[in-house]
Amino acid sequence: MLSTTSAQQCPYAPTEDVGAAEARASRAESNGGKPTLSFDKNTPYVDYAGIDTLLSLQNPRTKEPAESAFIIGTQVMELVFALIQQRWEQARDALEVDDVPGAVAWLRSACNAQDVLNSTWGLFSDMTPTQFNRFRDSFGEASGFQSYSYRKLEFLLGHKSAAMIRPHKAMSGVVTDLTDLIERPSLYDAALRLLHRRGLPVPDTSAERDWTEDYEPSAEVERAWTEIYADDRPGNELYLLAEALVDVAERVTRWRQLHLVAVKRTMGGKPGSGGSNGLNWLARNAEKDVFPELWSLRSTI
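Residues numbered from 1 in each chain as written. Predicted model: local features only at pLDDT ≥ 70, side-chain atom pairs only at ≥ 80, totals over all residues. Heavy atoms only, no water.

So, the nonpolar core
For clarity, the cut-off: Residues enter a nonpolar core if they are buried and are Ala, Val, Leu, Ile, Met, Phe, Trp, Tyr or Cys, with the set joined through side-chain atoms within 4.5 Å. Relative accessibility thresholds used throughout: buried, under 20% of the residue-type maximum; exposed, over 50%; partly exposed, between the two (1.4 Å probe, protein chains only). What counts as a helix is a DSSP run of H or I of at least four residues, what counts as a strand is a run of E of at least two, and both are numbered from the N terminus. Residue contacts are defined here by distance: any two heavy atoms, one from each residue, within 4.5 Å place the two residues in contact.
Ranked by size, the top nonpolar core spans 69 residues in total, and within it Trp88, Leu107, Leu195, Trp225, Leu245, Phe291 and Leu294 carry the most contacts. Examining the composition of this core, we find that 14 residues originate from one element, helix α12 (residues 237-267), more than from any other. In this structure Phe291 touches Leu157, Leu187, Tyr188, Leu245, Val248 and Ala249, once residues within four positions along its chain are discounted.

Put into structure tokens, the structure is as follows:
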């Protein structure tokens with residue numbers, strides 16, 4: 001895990017190796033400003049990013065061309081899930097040490113990754129039901145519901161359920177990671193704990209609760225956020241935190257809605273491959289507010 005951002009330890013501070021920088025300058029000079037074209041083995045680019053491995057992971061099970069887009073889109077989402085997790089964890093850890101500017105910076109960075117994640121649904125946007133039907137049977141019971149990377153994000157948002165760890169019981173490392181996340185404060189819990197330490201009316205039952213349980217909205221928590229919104233000056237770091245959390249939440253909801261529409265377009269109301277009732281399950285999930293009091297207070301101020 002990367003270290004927490006702070007005024008004393010900025011992740012964007014220059015750390016370039018002087019020797020490496022000089023080698024690059026020398027190489028550019030000897031090449032006359034043109035790129036290097038001769039290598040004795042794999043290009044450094046291929047080795048650094050594992051391109052050969054990455055491109056070997058697309059293995060369609062049918063001859064339907066749409067299946068390739070389905071697999072690539074799914075893999076892209078999994079990669080971006082991991083990036084968002086990292087940034088949300090950094091924001092959570094920053095909040096736990098009262099580094100609000102650092103937390104806001106990580107949340108903004110996460111929003112950029114979430115925008116990329118949401119745009120990935122475009123890879124499925126032209127898939128027709130007949131195309132989907134031609135390869136759907138090939139993946140059997142496989143379902144995005146079984147994504148442990150996505151489950152980590154839900155746990156970080158505060159949507160906790162020990163039952164959601166069960167599908168991964170044969171994967172000990174995954175179970176360990178999910179158990180760690182379910183037993184720790186979520187991103188939102190960390191924000192409420194910070195408000196509590198700052199003297200805002202967040203009750204003890206919200207600042208110190210059973211972290212393994214799903215978060216339940218609180219009228220007292222809504223009042224705490226309402227106090228913060230009463231001072232919307234640009235210099236109010238808690239107000240900036242609140243709006244950064246709303247930006248995250250809005251993108252999560254948008255992702256769920258895009259998922260719902262993609263399923264509705266490709267398979268309609270058919271049962272899901274993972275055993276759910278498909279559209280109804282996704283629709284209920286899309287209706288759940290992320291960081292609920294930050295939304296409910298808007299009806300009262």
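Once the structure has been displayed, the description carries forward.
Focus: the packing of aromatic side chains
This is how it is decided: The criterion for an aromatic pair is that two Phe, Tyr or Trp rings (for Trp, the six-membered ring) have centres within 6.5 Å, with stacked assigned to planes under 30 degrees apart, edge-to-face to planes over 60 apart and tilted to the rest.
Enumeration according to the criterion identifies 17 aromatic pairs in this entry. Their ring planes at 85° and their centres at 5.5 Å tell us that Phe145 and Trp281 sit as a pair that is edge-to-face. With Phe145 in the loop between α6 (129-136) and α7 (148-157) and Trp281 in helix α13 (residues 279-287), this pair connects stretches of sequence that are 136 residues apart. Phe145 gets classed as partly exposed once you look at its relative accessible area, which sits at 32%. What makes Trp281 partly exposed here is its relative accessible area of 33%. Through a chain of ring-to-ring contacts, the aromatic side chains of Phe70, Phe81, Trp121, Phe124, Phe132, Phe135, Phe139, Tyr150 and Trp255 assemble into a single cluster.

With respect to a negative patch on the surface
Our working definition: Patch members must show over 30% relative accessible area and no salt bridge, and they are joined within 9 Å when carrying like charges or within 5 Å when they are nonpolar side chains of Val, Leu, Ile, Met, Phe, Trp or Tyr. We get accessible surface area from the Shrake-Rupley algorithm with a probe of 1.4 Å; when it comes to residues, only the shown protein chains can shield them. What makes a salt bridge here is a side-chain nitrogen of Lys or Arg within 4 Å of a carboxyl oxygen of Asp or Glu, nothing more. By the counting scheme adopted, Arg and Lys are positive, Glu and Asp are negative, and His together with the chain ends is not counted. To locate a charge, the coordinates of NZ of Lys, CZ of Arg, CG of Asp or CD of Glu are taken.
Negative charge collects at one region of the surface, where Asp210, Glu213, Asp214 and Glu216 lie side by side. Position of Glu213 among the secondary structure elements: in the loop between α10 (204-207) and α11 (219-229). Its relative accessible area of 45% is what places Glu213 among the partly exposed residues.

A word on the packing of helix α5 (residues 100-119) against α12
Each packed pair of helices is defined by two parameters, the angle between the axes and the distance between the axes. Heads up, the rule is: Lines are fitted to the C-alpha atoms to define the axes, a helix being fitted only along its stretch in contact, and any angle between axes, read from their N-to-C directions, falls within 0 to 180 degrees. Here the angle decides the label: under 35 degrees means roughly parallel, over 145 means roughly antiparallel, 65 to 115 means roughly perpendicular, and every other value means oblique. In a left-handed crossing the near helix is turned counterclockwise from the far helix by less than a right angle, and in a right-handed crossing that turn is clockwise.
At a minimum axis separation of 9 Å, α5 and α12 run at an interaxial angle of 20°. On the basis of the axis angle, α5 is roughly parallel to α12. Relative to α12, α5 is oriented so that their crossing is left-handed.

A short note on the side chain of Ser206
You can see Ser206 is positioned in helix α10. A residue is classified by how much of its surface remains accessible, and Ser206, at 6% relative accessible area, is buried. Ignoring sequence-local partners within four residues, the contact set of Ser206 consists of Trp211, Ser218 and Val221.

Digging into the confidence of the model for the protein
The predicted coordinates should not be examined in detail at positions where pLDDT is low. Stated formally: Each residue gets a pLDDT score, which is the predictor's confidence in that residue and runs from 0 to 100.
Confidence in the prediction for the protein averages 92 pLDDT; 95% of positions are at 70 or higher. Confidence drops under a pLDDT of 50 for residues 1-9, and excluding neighbours within four residues, the segment shows 21 contacts in the predicted structure.

A closer look at α5
Worth spelling out the cut-off: What a helix is expected to span follows from its residue count: subtract one and scale by 1.5 Å. Under the rule applied, a polar contact is a pair of N or O atoms within 3.5 Å (in protein, one hydrogen donor and one hydrogen acceptor; residues adjacent in sequence only if both atoms are side-chain atoms).
Here α5 contains 20 residues, and its C-alpha end-to-end distance of 29 Å stays within 8% of the 28 Å for a straight helix at 1.5 Å per residue. Two or three places before Gly102, at the opening of α5, Asp99 has a side-chain oxygen 3.0 Å from that residue's backbone nitrogen.

Looking at the environment of Ala283
Its place among the elements puts Ala283 in helix α13. Each C-alpha atom, one on Ala283 and one on Ala69, is 24 Å from the other, the two residues being 214 residues apart in sequence.

What to know about the pattern of salt bridges
For side chains bearing opposite charge, pairing can occur when the charged atoms are close. Applying the stated criterion across every chain, the model contains 17 salt bridges. In this structure, Arg197 and Glu96 form a salt bridge, with 4.0 Å as the shortest nitrogen-oxygen distance. With Arg197 in helix α9 (residues 187-197) and Glu96 in helix α4 (residues 66-96), this pair connects stretches of sequence that are 101 residues apart. A salt bridge links Asp247 to Arg108, with the nearest nitrogen and oxygen atoms 2.2 Å apart. Here Asp247 is found in helix α12, whereas its partner Arg108 is found in helix α5, with 139 residues between them in sequence. A relative accessible area of 33% places Arg108 in the partly exposed class. Within the structure, one salt-bridge network assembled from shared partners comprises Glu96, Asp98, Arg193, Arg197, Arg198, Glu208 and Glu237.

Observations concerning unusual backbone geometry
The phi dihedral of Asp98 falls on the positive side, at around 65°, and the residue is not glycine. In this fold, Asp98 is placed in the loop between α4 and α5. Located in the positive-phi region is Phe291, a residue other than glycine, with phi close to 55°. Along the chain, Phe291 falls in the loop between α13 and α14 (293-296).

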